[in-house]
Amino acid sequence: MKTFLLPAVMAFTPLIALPVLAGDISKGTFAVGGQSNFAVDTITVNPGDEDEFEISTTSVNLAGRYYLDTNVAAALEFTRVRTRIQEDGIKEGSTDWSITPGLAFNQSINDRTQLQLSLGWQVSGITSGGSADGSGLRMGIQLQHFIADNVTFDIGLTHSRYRLENENSDISVDFSGNRFATGLTVYFPDSL
């Protein structure tokens, strides 16, 4: 656990201490965004002597943030990944999901660009013939560029570390991974 928290603290400290330059997100602003990690695809696999099969993956990521103070937001993120394997008309698949409440911190780089850091507690699950669920930490960094007055184009990297436990056995699995994604965020200033 210490090996995970130390890099997180080191990454957040200098960025929070930077002077505010421009483009601050004001208290009361609500933001809604969505991302794709380019995981909408179908792959056909032909293993030689065996029958070929198809693997289809779809992914969606939605996030909402409410700014409690200038550049500091309460955040809620939902991710769903559906994987399906089809062979000889037989379909099998799995669904991964996660819900992550947390905090997001924005730091202006210039009038049109900002860096956003996030830290949250991820609750996850997977369904594939049975189901497993668990929880862990998620942290992310995202570069946002305003392409309109209230819309940003986002490029980000998220690191997750969590443990899933099977509901019918004592088996647990530790997961650790990174997700690169692009997307859009719409800001609604002083929405409440």
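Bear in mind that the values here come from a model prediction, so they are computed numbers and not experimental data.

A.B. asks: Which residues make up the side chain of Q142, and what values do they have?
C.D. replies: Its location among the elements puts Q142 in strand 7 (residues 131-148). When neighbours within four sequence positions are excluded, Q142 is seen to be in contact with Q35, Q114, L115, Q116, D154, I155 and G156.

A.B. asks: Requested: an account of the pattern of salt bridges, with residues and values cited.
C.D. replies: Evaluated as defined, the whole model comprises four salt bridges. Residue D149 pairs with R112 through a salt bridge whose shortest N-O separation is 3.9 Å. Of this pair, D149 sits in the loop between strand 7 and strand 8 (151-166) while R112 is found in the loop between strand 5 (90-108) and strand 6 (113-127), placing the two residues 37 residues apart along the sequence. Across the salt bridge formed by R163 and D174, the nearest N and O atoms sit 2.6 Å from each other. Within this pair, whereas R163 is found in strand 8, its partner D174 is found in strand 9 (residues 172-188), the two being separated by eleven residues in sequence. Classification of D174 as exposed rests on a relative accessible area of 54%. Bridged by salt links that share partners, the residues E77, R138 and R179 form one connected network.

What counts, and where the lines are drawn
Residues numbered from 1 in each chain as written. Predicted model: local features only at pLDDT ≥ 70, side-chain atom pairs only at ≥ 80, totals over all residues. Heavy atoms only, no water. Helix = DSSP H or I, 4+ residues; strand = E, 2+ residues; numbered from the N terminus. Contact = heavy atoms within 4.5 Å. Salt bridge = Lys/Arg side-chain N within 4 Å of Asp/Glu carboxyl O. Buried < 20%, exposed > 50% of the residue type's maximum accessible area, 1.4 Å probe, protein only.

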